[in-house]
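Fold and contact review
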Amino acid sequence: MRTEAYAKVNLTLEVFTKRVDGYHALRSVVMPVSLSDTLEISPGADGTITSDTGYADDLCVKAARVLREAADPRAAEGGCRISVTKRIPAGGGLGGGSADAAAVLLALNRLWQVGLPLAELAQLGAAVGSDVPALVLAQGGRGPVLMEGRGEIVSPLPCAAEKPIWLVLANPGVFSSTPEVFRASVPRVTDEPSILYNMRIALESGDPTAVAAALQNDLEAPACSLHPEIVTAKAALREAGAAGCLMSGSGSTVFGVVPTEAAGREIAASLSARGLTAWVAHTIVR
Ligand code: C5P
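In every chain, residue numbers begin from 1 and rise along the written sequence. pLDDT decides what is reported in this predicted model: residues at 70 or higher carry local features, side-chain atom pairs at 80 or more are listed and counted, and totals for whole chains, interfaces and linings draw on all residues regardless. Each side-chain value is derived from all of the structure's non-hydrogen atoms; neither hydrogens nor water enter the calculation.

1. Section: the sheet that holds strand β7 (residues 166-171)
For two strands to be treated as a pair, DSSP must find at least two bridges joining them. Counting from the N terminus, the helices are DSSP H or I runs at least four residues long and the strands are E runs at least two residues long. The strand order across the open sheet formed by four strands is β9-β10-β7-β11, and the pairing between neighbours is antiparallel. Only two strands of the sheet have a single partner each, and these edge strands are β9 (243-247) and β11 (277-282). The average undirected angle you get between the axes of adjacent strands in this sheet is 20 degrees. Pairing of β7 with strand β10 (residues 254-258), which is carried by five bridges, proceeds in the antiparallel orientation. When the bridges of β10 are listed, V168 appears paired with G256. Its contacts with the sheet place helix α9 (residues 228-239) against β7, β9 and β10, and it is angled at close to 10 degrees to β10. Axis definition: a line fit to C-alpha positions, over the contact stretch in the case of helices; interaxial angles, taken between N-to-C directions, run 0 to 180 degrees. Any two residues whose heavy atoms approach within 4.5 Å are treated as being in contact.

Rendered as structure tokens:
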């Protein structure tokens, strides 16, 4: 079975209290985008679960194990071989590893005939990683997701279905460590409901200019102070003509809104000429 694992950008990301379990309470609008890894998943002999990513802490294998434990005894004997063609950079704030894990949960839920509803599959994802529940819902339901708690509370967000938004993504080639960026962040002391409200109405209208105006990421400042390359990448993206440029997740990728695919291609080409890895992508909407 072949499946695409879509990357995400965080259109908003607000960081609140540091919790007693070490995680941060957050609120984020997670948007799936067309940049993807391709996964080839086939049944494995004698119940073994393997993947060819080569990562020590492989989220694909972890996801398969978590699903197998949750499945009924028939499916519990299932094994699988997972082969990943990587395009989403690691440590890039685009949820690459989590997107792969989410795609594994969705695919094995069918392959092993586990039959869990999407919401339950998303809940299982929390045992794999904080971004996984949102990516299960974003990929399975094809659209933006509101993520709260440490990431385990997720719900689909309404969005103008007929209007995907074009983006340019630019990666400065530095690995940004999520725990390090969270440690350097300063949690909000007051809630500003307008941040989520403005993004909600921007998505409902499907107006790219409104989305660009409503972007917010509390992890951008701490990530930029750790990695000045992100500041340079963001400036280059803005100079090249993208609107509302912002870092995604805990970095290091930045993204900006562009009016058309053609405009995006021109901007991406000029960024590549400046040594950045750039992609043109569109939002995945129902
Ligand atoms: O859940 P995950 O393994 O993806 O989280 C990686 C790290 O990111 C955590 O160990 C923690 O340091 C940080 N994190 C956080 N608050 C969150 C999510 C992640 O502090 N809500």
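Resuming the write-up.
2. Considerations on the nonpolar core
L11, L39, L67, V104, M199, L203 and L271 are the most contacted members of the largest nonpolar core, which totals 95 residues. Looking at which element gives the most residues to this core, the answer is helix α2 (residues 96-111), with nine residues. Sequence-distant contacts of M199, defined by excluding residues within four places in its chain, comprise L11, T12, V29, V211, A214 and L215. Take the buried Ala, Val, Leu, Ile, Met, Phe, Trp, Tyr and Cys residues and link them wherever side-chain atoms come within 4.5 Å; each set so joined is a nonpolar core. Per-residue accessibility, obtained with a 1.4 Å probe over protein chains only, is compared with the maximum for each type, and a residue is labelled buried under 20%, exposed over 50%, and partly exposed between these values.

3. Section: α2
Compared with the 22 Å implied by 1.5 Å per residue over 16 residues, the 22 Å span of α2 between its first and last C-alpha is a close match. With 13 of its 16 residues buried, α2 lies for the most part within the structure. Directly beyond the C-terminal end of α2, a positive phi value near 55 degrees is found at Q113. Expected helix span is taken as 1.5 Å per residue step, with the number of steps being one fewer than the number of residues.

4. Some details on the side chain of S176
Turning to its location among the elements, S176 is positioned in the loop between β7 and α5 (178-184). Residue class for S176 comes out buried when judged on its relative accessible area of 2%. Of the polar contacts made by the side chain of S176, one reaches the backbone oxygen of S250; its length is 2.6 Å. The contact partners of S176, leaving out residues within four places of it in the chain, are G91, V181, A223, H227, S250, G251 and S252. N or O atoms within 3.5 Å of each other form a polar contact, as long as, within protein, one can give a hydrogen and the other can take it, and as long as residues adjacent in sequence are counted only when both atoms are side-chain atoms.

5. Concerning the layout of surface pockets
As a volume, the largest pocket reaches approximately 1200 Å³. In terms of lining, the largest pocket is formed by 44 residues, of which the most central are S98, D131, T178, P179 and S250. Contributing elements (two or more residues each) for the lining of the largest pocket: β1 (2-18), β2 (24-44), α1 (59-70), α2 and α5. Polar here means any residue other than Ala, Val, Leu, Ile, Met, Phe, Trp, Tyr, Cys and Pro, which are nonpolar, and Asp, Glu, Lys and Arg, which are charged; Gly is therefore polar. Classifying every residue of the lining of the largest pocket by side-chain character gives 15 nonpolar, 19 polar and ten charged. Here a cavity denotes grid points, spaced 1 Å and computed from the protein atoms alone, that fit a 1.4 Å probe unable to get out, and a pocket denotes an open set having protein on both sides within 12 Å along at least 5 of 7 lines; residues with an atom within 4 Å of a point are the lining. Grid points are joined across faces, edges and corners, and a volume is the space filled by probe spheres set on the points.

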